[in-house]
2 protein chains.
Amino acid sequence: MDNKQMVKEITNIEVDFAKWYTDIVKKAKLCEYSSVKGCMIIEPYGYAIWENISNNLDKEFKNIGVENCAMPMFIPESLLKKEKDHVEGFSPECAWVTHGGNEELEERLCVRPTSETLFCDYYKNTIKSYRDLPKLLNQWVSVVRWEKTTRPFLRSREFYWQEGHTAHRDGKESEEFTIKMLNVYADFLKNFLAIPVIKGQKTDSEKFAGAEATYTVEAMMHDGKALQSATSHNFGSGFAEAFKIQYLDENGELKYVSQTSWGLSTRIIGAIIMVHGDNEGLKLPPYIAPIQVIVVPIKMKDEKNLEKAKELCSLLKEEGIRATIDLTDKSPGYKFADSEMRGIPLRIEIGPKDIENNQVVLVRRDTHEKIVTPLFDIQKSVKDILEEIHINMYETAKKHLNENIREADTLDEMVKIINEKSGFVRAMHCGCKECEKKLKEETTITTRCIPFEKKLNKKTCIVCGKPAKYEVIFGRSY
Amino acid sequence: MDNKQMVKEITNIEVDFAKWYTDIVKKAKLCEYSSVKGCMIIEPYGYAIWENISNNLDKEFKNIGVENCAMPMFIPESLLKKEKDHVEGFSPECAWVTHGGNEELEERLCVRPTSETLFCDYYKNTIKSYRDLPKLLNQWVSVVRWEKTTRPFLRSREFYWQEGHTAHRDGKESEEFTIKMLNVYADFLKNFLAIPVIKGQKTDSEKFAGAEATYTVEAMMHDGKALQSATSHNFGSGFAEAFKIQYLDENGELKYVSQTSWGLSTRIIGAIIMVHGDNEGLKLPPYIAPIQVIVVPIKMKDEKNLEKAKELCSLLKEEGIRATIDLTDKSPGYKFADSEMRGIPLRIEIGPKDIENNQVVLVRRDTHEKIVTPLFDIQKSVKDILEEIHINMYETAKKHLNENIREADTLDEMVKIINEKSGFVRAMHCGCKECEKKLKEETTITTRCIPFEKKLNKKTCIVCGKPAKYEVIFGRSY
């Protein structure tokens, strides 16, 4: 049968998760490898997901007064070098332009890995007075990091993202804004992607190059590994001092601004795949699915059947539902499997008998449940079920997250838990970099974050036994 | 007075058009120079114009079945070299990445100047059968061309655009699609940007590197010079043969696809400035203006005045009108001049006397006309006037275009007309490249296009006197 045949071509999710992931990316036509080593082609279906993510997230940004702009894609080497920690963090991953046309450049240019330095240069020239603050800017662009090993969406030499860069009067305001943006991300992940997260702060070794504090939303994938889903950084006045970004306050005093940056990238598509997907394929959250509903006419050669199916599809579209109809010459079985592979949240099967009974069959991608539904007010039924699917996908992911965070008292215990059961471990840490480094090298386990929500009441570091500084979520990560 | 003072800072449009242009770009905060030579920073107000252009044009594309995707920003040198004419046309302007991280690359990578070669590489791998055709793809990205002299929006080393790339069964279908896209651009320019154009075909010397035929929409700027506003190319099977893009037709025969590409860039913002602007500043067409209506409360300290102004602004926003209120501590006179400088199509002045009389004063940016309007159903009045403004801006530009296309019989006559009166000249041409080259070198006049709409009935080339091949629109251009 077509159906089984198609599914057979995907590696079992429990057998080889990495291969399952690559199969989904390829079979659902999200991404294609290119002749450019380490760079991916985002195919129309994958890009449509990114468009739905970016359009919705952009609305959230605009609601809080953020404006979009566009900085150059190149950074002169001297500009990149202005903030010491920053250049150390990024220069090993830079792609360098050395020639323009037929001439060698006087100064080589880095293809932006991130744009703090460009925004700083702009702010230095445009911020004069407290009246110019806050500056809340963002750009939707691609950036380049010369990674050695790459994987579609998760790690590629070029990826798409948004990077917000803001300037404020002081450190208090920038800290508040940093947390505000972290919450924007967490809410967006919950409300649009059905992904629950742990909010927290990065330890010093894991924070962004040049930041005073980095905050993160960490999601748990199906295999129990973490994916850092978005980050928000408070720079304090570090960059401002390096770039001399000063303003006159109300009293005529010259002060340094305090800055933030925050980003979410196409990596998040990797998270969507790995949080929700299953052995049938991709499973897309309804609010960002390019196709929310696919109508499958059962008897393609029955003109009345075809007509009714088309009418139904138009009806749903008029209500703003992203509906489509499968008119290919494949069998219904193939079409069912195909719609599941592509992760379409809801399938509507309509055949001659359904038309007779003024009904259709709705099939949920999340539960595989078949629901015989009257055609009367079908638009409302579909909208309600899409919402239910979203909620159920979120609750399922939340349950998986909660059930896979465990506590540990000793290092051995922690390693055993993560190796055997996967997931995260909640434990205490002394906060020293050496201790984290040792753990990472010996076990490949890293600190994911210092969670905002604390649960432990213990006093010693799980790694070295010295007095603990804070509670940490440990895990392996993408 | 504030008002005059502000305007005085702009160069007079009739005295020095080039300087006027730069003043507008700077004073309306569209663009800022960056530390990256030849690259611009598109500031929030300028970028918001681009967002309105791209969102609306993207809808037109999607309506005809075009899907978005994302190709890598790099092109390996060997890939760029596959189509001979294409590489010759673009390699003198390429920026080259030679190092990734700390290592020299085995093969240098060009930062895309355009992406025909990348799409061809993708099509070669994904098109197998007639069922896969047509492929109608597009991407919204920035591209890089290493220009020697640059000007904001008009010519910069990096610019934003959309590039559509399609594959079809045969040359007839690709030719039809090329013309279809040219019409999409012409309609978009008319309906959203209030810019009239001349549609036509480029002569052989002016066509795109690798194209069989290039079509263009040419607009006339305030100074009579042309700006090529969008182009659409039919490649026939040239690229397909170079890249071996073949498909099996219904009869099992292996055939080359036939391709097109078409693009519109941030240059068009330059056209908006130069077609519509005047001595008061920018003049934005209502349907793409980031702010369509600005409300100016006359007595800022009168609480009732302020309250009513805010209510009015909210009312307009609820109707989907992009309205804002000027709450800065500047004088009304300054605010009026500022709203004109920024090209906001409609200003609403509201003072205590207006409130008493249940009215407001609408001031049109295009005609400076002041219209006392009842507050009753003000949303409808505003919408109607915005439409009138759009129509009037289009008609004004159309009149300027029509009045400045002249006919000439001899070369001397043509040069005299263009030098003294500016604008375009309609004349006959023999079609040979040498003749065009000579004209360009001696007079800086070029062939803009072979217009679809022909008007002449003459037989000899205006340059060399030999038998003419076609009618041409001549002019100087940006």
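Please read all numbers here as calculations on a predicted model, not as lab measurements. (Residues numbered from 1 in each chain as written. Chains lettered and ligands numbered in written order. Predicted model: local features only at pLDDT ≥ 70, side-chain atom pairs only at ≥ 80, totals over all residues.)

Engineer: Just give me the short version of the pairing of strand β22 (residues 446–451) of chain B, but keep the residues and values in it.
Structural biologist: Residues and elements named next belong to chain B. Here β22 lies mainly inside the structure; 5 of its 6 residues are buried. Examined bridge by bridge, strand β9 (residues 198–201) and β22 share 2 bridges and lie antiparallel to one another. Paired with Gln-201 across the strands is Ile-450, a residue of β22. Pairing of β22 with strand β23 (residues 470–475) involves 3 bridges; the strand directions are antiparallel. (Buried ≥ 20, exposed ≤ 12 C-beta atoms within 10 Å, placed from the backbone. Helix = DSSP H or I, 4+ residues; strand = E, 2+ residues; numbered from the N terminus. Pairing = 2+ DSSP bridges.)

Engineer: Tell me about helix α3 (residues 44–63) of chain A, residues and numbers included.
Structural biologist: All names here are of chain A. With 20 residues, α3 should cover 28 Å at 1.5 Å per step; its first-to-last C-alpha distance of 28 Å lies within 8% of that length. Among the residues of α3, Pro-44, Gly-46, Tyr-47, Ala-48, Ile-49, Trp-50, Ile-53, Leu-57 and Phe-61 are the ones counted as buried. The first or second residue beyond α3 is Gly-65, which carries a positive phi of 90 degrees. (Expected span 1.5 Å × (residues − 1).)

Engineer: Go over the relation of the copies chain A and chain B with me, naming the residues and quoting the values.
Structural biologist: Least-squares fitting of chain A to chain B yields an RMSD of 0.0 Å, with the transformation described by 0.0 Å of translation along the axis and a rotation of 180 degrees. One copy is carried onto the other by what is essentially a two-fold rotation axis. Closest approach to the rotation axis within chain A is made by the C-alpha atom of Val-97 of chain A, at a distance of 2.1 Å. Mapped onto chain B, 100% of the interface residues of chain A are again interface residues, and the two copies thus contact each other with one and the same surface. (Least-squares fit on C-alpha atoms with pLDDT ≥ 70 in both. Contact = placed C-beta atoms within 7 Å.)

Engineer: Go over helix α7 (residues 171–193) of chain A with me, naming the residues and quoting the values.
Structural biologist: All names here are of chain A. Along its 23 residues, α7 runs 32 Å from first to last C-alpha, staying within 8% of the 33 Å computed at 1.5 Å per residue. Every buried residue of α7 is listed here: Ser-174, Phe-177, Thr-178, Met-181, Leu-182, Val-184, Tyr-185, Phe-188, Leu-189 and Leu-193. Ala-194 sits one or two residues past α7 and shows a positive phi near 60 degrees.

Engineer: Tell me what's going on with the interface of chain A and chain B, and back it up with residues and numbers.
Structural biologist: Each partner contributes residues to the interface: chain A has 42 residues there, and chain B has 42 residues. Among the elements that line the side of chain A that touches chain B, the one with the most residues is strand β5 (residues 95–100) of chain A, at 6 residues. When grouped by side-chain class, the residues that make up the side of chain A that touches chain B number 25 nonpolar, 10 polar and 7 charged. Both β5 of chain A and strand β5 (residues 95–100) of chain B contribute to a ladder of 5 bridges, which runs antiparallel. For Gly-100 of chain A, the partnering residue across the bridge sits in β5 of chain B and is Ala-95 of chain B. (Nonpolar A, V, L, I, M, F, W, Y, C, P; charged D, E, K, R; others polar.)

Any link to function would need more than the numbers given here.
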